[in-house]
Amino acid sequence: MEVVLAVVIGALYAAGLYMMLRRSYVKVVIGLALLSYAASLLIFTVNGVTRGRPPLVPEGALRPPEPFADPLPQALILTAIVIGFGVQAFTVVLFKRTYQATETDDLDAIRSTEHHKKPGVPASISGAREG
Amino acid sequence: MTAAILSGFVLAALAPWVRKVARGWAGWLLALGPLAIVAYFTAQAPHIADGETLSASLNWIPSLGVDLAFYLDGLSLVFAIIISGIGTLIVLYASAYLAGDALEGHFYLYLLFFMASMLGVVLANNLITLFVFWELTSISSYLLIGFKHDKATSRAAALQALLVTGSGGLAMLAGLVLIGQVTGSSTISDLLSQGDTVRASGLYVPILLLVLLGAFAKSAQVPFHFWLPNAMEAPTPVSAYLHSATMVQAGVYLLARLSPVLGGTDEWRVLVIGAGAATMLTGAYLAWLQTDLKRILAYSTISTLGMLVLLVGIGTPLAAKAAVTVLIAHALYKGALFLVAGSLDHETGTRDVTQLGGLWHALPFTGLAALLAAASMAGLPPLFGFIAKEVFYKAAYEAPDLPALLTTLVVTSSVLLVVAAGLVAIKPFFGARVPTPKPPHEAPLRMVLGPLTLATLGAAFGFVPGLLTEYAIKPATEAILAAPAQVELVLWPGLNVILLLSLLTVTLGAGVYAARARLSPPARRLDVGARVGPALGYQKLLDGTLWLADWQTSILQNGYLRYYLITIVATTVGLMGYATLTRVALGGVLRQPDIRLYEALIVAVILAATLAVTQVRSRLAAVAALGTVGYGIALLYILFGAPDLAMTQFAIETLTVVLFVLVLYRLPRFATLTSRAARRRDALIALSAGALMTLLVLIVTADPSRTRLTSYFAYNSATLAKGRNIVNVILVDFRGLDTLGEITVLSVAAAGVFALLKLRPPRKEEATSAPLAEAEAQPSPEEVKPVSLPAMDATVD
């Protein structure tokens, strides 16, 4: 099964990187999400996977019955998923604010902190930084 | 001895505080520190004169043979007394000169920091220690030259001095390390007897060149001399102290100190005598053409530095004696003259000699100091400068190589220095009274004390040279030669060639001074250095470096995320791909997949959804496809024994989709922003990176191995932590602190989200787009906050 998962991981990395290379802010954020899936699945897979045997210790026993899924990557991934969500929530809200200020989704159009909506309009937008 | 040096640093650190508490008395109080150091070193003089040496050492980096080792012999002693003695007077002088300056406390800090560092340079007994203190003096010099930091010229001059002396210092470090390699010792007192080893070594020429580079840059030898006149941007007490009496002498000290190790060869003589003679002549030639008092003194200092280097290069016992004598005489008269220039500037508002004249009655004490010091500088009897010039002439006259040429150059330079001495002492104080920007009046006591003390000492030693000879000049000469020497100094040596040369010097000097109005314009035209000099080379080099930095920054730091990513990913894929394909046996990597039908279906859905994410034009469709990928992965987690992961993934996935939809809802479809070629290029890069990751996973999973950690957690979860869900036990118990960190990250993200939502541009914005205005009310912090999932980790059981 690891062979198939390897292909899935590769596909997720490829798609994530491709999206991160786009000029659209939203696509970059989506690419980030795909990359975090890929990384989680990578951690999940590298030590081998076990079908249907969660790492639980049954009542009355002191150890989980062999074979059992490796609990260590699971603990790592759980943390990663949650932090990944924190990052995503932040980037999405950041996008919302950026879009409000600049009305564009094109990263190349918002390279400068001195961006003006229209020529001749004083830089009140960048005031968000100064204020 | 160690305490004497290190106490300077402590005093420096306390100085701003002392300034704050003692106010106007801070100068008097702080001068006590250097004064105590003078007393300490003066008390050592009789012992040193008896041929003793003093050493002290503290372990610093024993593994590298670097100790905080200090060594006091005749040469160090002369320097140490000059440094601390003039330091005392400078602190006093500066307290009046800078009175009322907001940064006066900082000034004492830098000045005392410099003094301690400079003491470290001349007392260091370890090559690396020497280098460290050497660079500390460069740094303090930088801070002091740039003291008036609101002036662009000050900053540029400070940077120039730092870059020139600092790069010289690096060359010197390389030379010193090579010396350590050749001799196997970095203790200076041990090296003194190993000169033959160094001179016989194949590395001798590189060592010599590197060390000379450091010494010449520091001591402003041609062609590095240009930084010193520019350093006159510093407050005048600094010029008097660092850029005349002490720091610029560090190069001379280094050459004198290492002359038993490196000296005596033809290479040494050619390079050191050549640089010294060129500097002596250049400095003297440019000195009398200046009109700014401080620049006159700066160029004459360069000339004297050249003389000292020349003498060290000649290397005979007579020359060594002359070097020490000139060094002491110069410290006394030049320190005094700089301080006089500072007083004139301070009390009249100008230091342009053409604006000064007839001030004798207004500033009698300062004038007296100027006259005494200038007479010493011009080498008039019975001042100490006369004796110094006599031995200097004698050393050149009796030099083993080219005595006639050397003597001619020396006399020519001295004639021009007589003119310079006249310019700084006679022109401002005598002759017709010239109106000055400020009504002139005598300087305060603290500013008279310094120049008058130094000038008087310069006069007194002329009458009693014996005292100085026995306790300072003889021990120092023996230290330079690393051999006993006969040293005597007399004021009246009798009528001989040398005296005639002195007479000629003064006569010619007076003549040129009288005719300077007619002589200086043509002489100025001869000054080609101003147009094609090394200063221009420095500027070109600096501009070139900045241009290069600018150019490479604009390429590497272009500001486009995608080009950064392409660079990183392509490099990684290239290097890792090459290593993987050439070094890993790929035979066992491709295996028959063991897959069940329902798993294949899920995988197919994930792959299809992944492809869809990259291709669809609708934002919401992309988000939906992204959600599908996430749910698919959650299903895989369920199938492969990770129910906790699946639950978290389902919850988070739902929240993510909701968040995306709220923000992106009704935004226009994705626009096509890039060309087809760019998309193909990106796809190629992304696919190759993906393929590499696939390959890596295949290689790693071909030989699975469990870590010991896994069994530790599995076997101890129930017994030690009383929990049956091992994943949860790891999160809340074994690795509880990690989870705390995770909660912190999430809180920071939540705070960031909250701030972004609450932040409003200062003006009511007119153009908020409709879809976002609606969405704005929705993902409020309350909406985002419940996602405090760490709590969830803990409760899943």
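Everything below is about the structure shown above.
Since the model is a prediction, treat every value here as computed from it, not as a measurement.

Trainee: In this structure, what is going on with the overall build of chain A? I would like to understand it.
Mentor: Looking only at helices and strands, chain A has 4 helices and 0 strands in total. Overall, chain A shows an N-to-C arrangement of helices and strands of α-α-α-α. Considering only contacts within chain A whose residues lie at least 6 apart along the sequence, 47% involve residues at least 24 apart. Here chain A displays about 4700 Å² of accessible surface, and carbon together with sulfur accounts for 63% of that area.

Trainee: Teacher, can you tell me more about the pattern of salt bridges here?
Mentor: Opposite charge on two side chains permits them to pair, given that their charged atoms come into close proximity. Evaluated as defined, the whole model comprises 20 salt bridges over all chains. With a closest N to O distance of 3.5 Å, Asp-345 of chain B and Arg-351 of chain B form a salt bridge. What makes Asp-345 of chain B buried here is its relative accessible area of 19%. Taking the shortest distance from any N to any O, the salt bridge between Asp-682 of chain B and Arg-681 of chain B comes out at 3.0 Å. On the basis of relative accessibility, which here comes to 33%, the residue Arg-681 of chain B falls in the partly exposed class. The structure contains a network of salt bridges with shared partners spanning Arg-23, Asp-106 and Asp-108 of chain A together with Arg-562 of chain B.

Trainee: Got a minute to help me understand the packing of aromatic side chains in this structure?
Mentor: Each aromatic ring pair is summarised here by two numbers: the centre-to-centre distance and the angle between the ring planes. Going through the model one piece at a time under the given rule, you end up with 21 aromatic pairs over all chains. A ring pair is formed by Phe-79 of chain B and Tyr-253 of chain B, whose centres lie 5.1 Å apart and whose planes are at 75 degrees; its orientation type is edge-to-face. Here the residue Phe-79 of chain B occupies a position in helix H3 (residues 74-97), and Tyr-253 of chain B occupies one in helix H12 (residues 250-262), the gap between them amounting to 174 residues. You'll find Phe-79 of chain B and Tyr-253 of chain B in the same group, each marked buried. Through a chain of ring-to-ring contacts, three or more aromatic side chains come together here, namely Phe-9, Phe-70, Phe-113 and Phe-133 of chain B. A cation over an aromatic ring shows up here: Arg-22 of chain A above the ring of Tyr-18 of chain A, its NZ or CZ 4.3 Å from the ring centre.

Trainee: Explanation requested: the nonpolar core in the structure shown.
Mentor: Side chains of nonpolar character tend, in soluble globular proteins, to be buried together. Residues Trp-227 and Leu-262 of chain B are the most contacted members of the largest nonpolar core, which totals 197 residues. Counting residues per element, this core draws most heavily on helix H15 (residues 317-348) of chain B, which supplies 20 residues. Tyr-13, Met-20 and Tyr-99 of chain A together with Ile-652 of chain B belong to the second largest nonpolar core, which has 88 residues in total.

Trainee: How should I be thinking about the interface of chain B and chain A in this particular structure?
Mentor: Interface size, as often reported, equals the accessible area lost upon joining of the parts. Each side of the interface is counted separately: chain B has 106 residues, and chain A has 91 residues. Summed over the shared surface of chain B and chain A, the number is 6 salt bridges. Viewed at the interface, chain A and chain B are joined by 19 residue pairs in polar contact (both at pLDDT 80 or more). Residue contributions to the side of chain B that touches chain A peak at 14 residues, all from helix H29 (residues 676-701) of chain B. Of the residues contributing to the side of chain B that touches chain A, the split by class is 66 nonpolar, 21 polar and 19 charged.

Trainee: What is the right way to look at the environment of Ala-622 of chain B in this model?
Mentor: Relative to the assigned elements, Ala-622 of chain B resides in helix H27 (residues 619-639). The exposure class assigned to Ala-622 of chain B is buried, which follows from its relative accessible area of 0%. Among all residues touching Ala-622 of chain B, those that are not within four sequence positions of it are Ile-30 of chain A together with Val-613, Val-616 and Phe-670 of chain B.

Scoring rules and cut-offs
- Residues numbered from 1 in each chain as written.
- Chains lettered and ligands numbered in written order.
- Predicted model: local features only at pLDDT ≥ 70, side-chain atom pairs only at ≥ 80, totals over all residues.
- Heavy atoms only, no water.
- Helix = DSSP H or I, 4+ residues; strand = E, 2+ residues; numbered from the N terminus.
- Contact = heavy atoms within 4.5 Å.
- Areas by Shrake-Rupley, 256 points an atom, 1.4 Å probe, with all protein chains shown as cover.
- Salt bridge = Lys/Arg side-chain N within 4 Å of Asp/Glu carboxyl O.
- Buried < 20%, exposed > 50% of the residue type's maximum accessible area, 1.4 Å probe, protein only.
- Phe/Tyr/Trp six-rings, centres within 6.5 Å; stacked < 30°, edge-to-face > 60°.
- Lys NZ or Arg CZ within 6 Å of the ring centre and 35° of its normal.
- Core = buried A, V, L, I, M, F, W, Y, C linked by side-chain atoms within 4.5 Å.
- Polar contact = N/O pair within 3.5 Å; in protein donor to acceptor, adjacent residues only side chain to side chain.
- Nonpolar A, V, L, I, M, F, W, Y, C, P; charged D, E, K, R; others polar.

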